[in-house]
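Tertiary structure, described
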Amino acid sequence: MQYILLFIGLIFCLVFTYNVIIEPIYAFFFRKPIYVHWYLFPKKLTLQQMQLLYDKFEFYQRLPQNQKTYFEHRVATFIKKYPFIGKDGITVTNEMKILIAATAVMLTFGMRKYLFTVIDKIIIYPDVYFSTFNQAYHKGEFNPRMKAIVFSWKHFLEGYAIDNDNLNLGLHEFGHVLHYQGIKSSDTSATIFSVTYDEIMKEVKYPANYNRLVQSNYFRIYAYTNEFEFVAVILEHFFETPEDFKREFPQLYEKVKMMINFSSTE
């Protein structure tokens, strides 16, 4: 019994040292977690769900085989965790679950903690809907009070119909969720997101940088509504037109890449 208690104590000390000392120091110097993917028993998708990923999600198609396995596990875990609720007569399909989950997983693929605690449901409408949150019609929204992310399925699909127009409803709304999660959480990935986001906003608010951003017309004017919208819009650009983004604003591009640890997906 004494040896068991000693062993448990040793494990506790190792875990504590890793979480409180080793990884924070590593993250401070290298601005990324020590590891991102490690799954003892990876979850599997059904054959139909796998086919949807292969046919309809370009980001997944470009991944090397080992990372495809990680991506599949995360999509399967996401689908299992969150209920998908259809509204106004819409029936939730496998395609809806796969494409919505894959969008969230793509955005957080460089982060170890990829599931959101600030939402507990996904709500899907067939088209624009009336939101009681702000008494207006929407194509999509993140509602932190209800812990819900909401989509018009018509407009969600339009976001992927044209893959280089920097208008992607799924990425935009999950960008809001990720931003809010970064503020509320304290794990390594969230801390890196939050710290890098603060650096980005400090640089963006510098008058010369701000004027160049606005005058470039690269980011649509809606990006400058507030900080939440700016982050959501630049994430749309990061995934939809990365080469243009890198050419137009290389330093900002690298900061966004660091913010979501995108290097681990390449």
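Counting starts from 1 at the beginning of each chain's written sequence and moves along it residue by residue. The predicted nature of this model means local features are confined to residues of pLDDT at least 70 and side-chain atom pairs, given and counted, to a pLDDT of 80 or more, with totals for whole chains, interfaces and linings taken over all residues. Calculated side-chain values reflect all of the structure's heavy atoms, with hydrogen atoms and water omitted.

1. Considering the overall build of the chain
To be explicit about the condition: Under the scheme used here, helices are H or I runs from DSSP no shorter than 4 residues and strands are E runs no shorter than 2 residues, and both carry numbers assigned from the N terminus. Each residue gets one of three labels from its accessible area relative to the maximum for its type: buried under 20%, exposed over 50%, partly exposed in between, using a 1.4 Å probe on protein chains only. Contacts between residues were defined by any pair of non-hydrogen atoms, one from each residue, lying within 4.5 Å. The method behind every accessible area is Shrake-Rupley, applied with a 1.4 Å probe, and residues are considered shielded solely by the protein chains displayed.
A tally of helices and strands in the chain yields 12 helices and six strands. Residues classed as buried in the chain amount to 48% of the 266 residues present. Residue pairs in contact within the chain that sit at least 24 positions apart in sequence constitute 68% of those at least 6 positions apart. For the chain, the accessible surface area stands at approximately 14200 Å², while carbon and sulfur atoms represent 60% of it.

2. Points about unusual backbone geometry
Backbone geometry at aspartate 88 places phi at a positive 55°, although glycine is not the residue there. Mapped onto the elements, aspartate 88 comes out in the loop between strand S1 (84–86) and helix H5 (94–107).

3. Observations regarding the nonpolar core
Filter applied, for reference: Within this scheme, the nonpolar core is defined by two criteria: the residues are buried Ala, Val, Leu, Ile, Met, Phe, Trp, Tyr or Cys, and they are joined through side-chain atoms within 4.5 Å.
In this structure, Phe71, Phe116, Phe174, Phe219, Phe230 and Phe245 are the most contacted members of the largest nonpolar core, which totals 68 residues. With five residues, the next largest nonpolar core counts Ile123, Tyr125, Tyr129 and Val150 among its residues.

4. Quick word on the sheet that holds strand S5 (residues 140–143)
Rules: Pairing between two strands requires that DSSP report at least two bridges joining them. Only the stretch in contact is used when fitting a helix axis, every axis being a line fitted to C-alpha atoms; angles between N-to-C directions are given from 0 to 180 degrees.
Strand order in the open sheet formed by four strands is S1-S2-S6-S5, and the pairing between neighbours is mixed. For this open sheet the edge positions go to S1 and S5, each flanked by a neighbour on one side alone. On average, adjacent strands in this sheet sit at an angle of 15° to one another, irrespective of strand direction. Here three bridges tie S1 to strand S2 (residues 121–125), and the two strands are oriented parallel to one another. Bridge assignment links isoleucine 85 to a residue of S2, and that residue is isoleucine 123. Its contacts with the sheet put helix H6 (residues 153–161) on S2 and strand S6 (148–152), and the angle it makes with S6 is roughly 80°.

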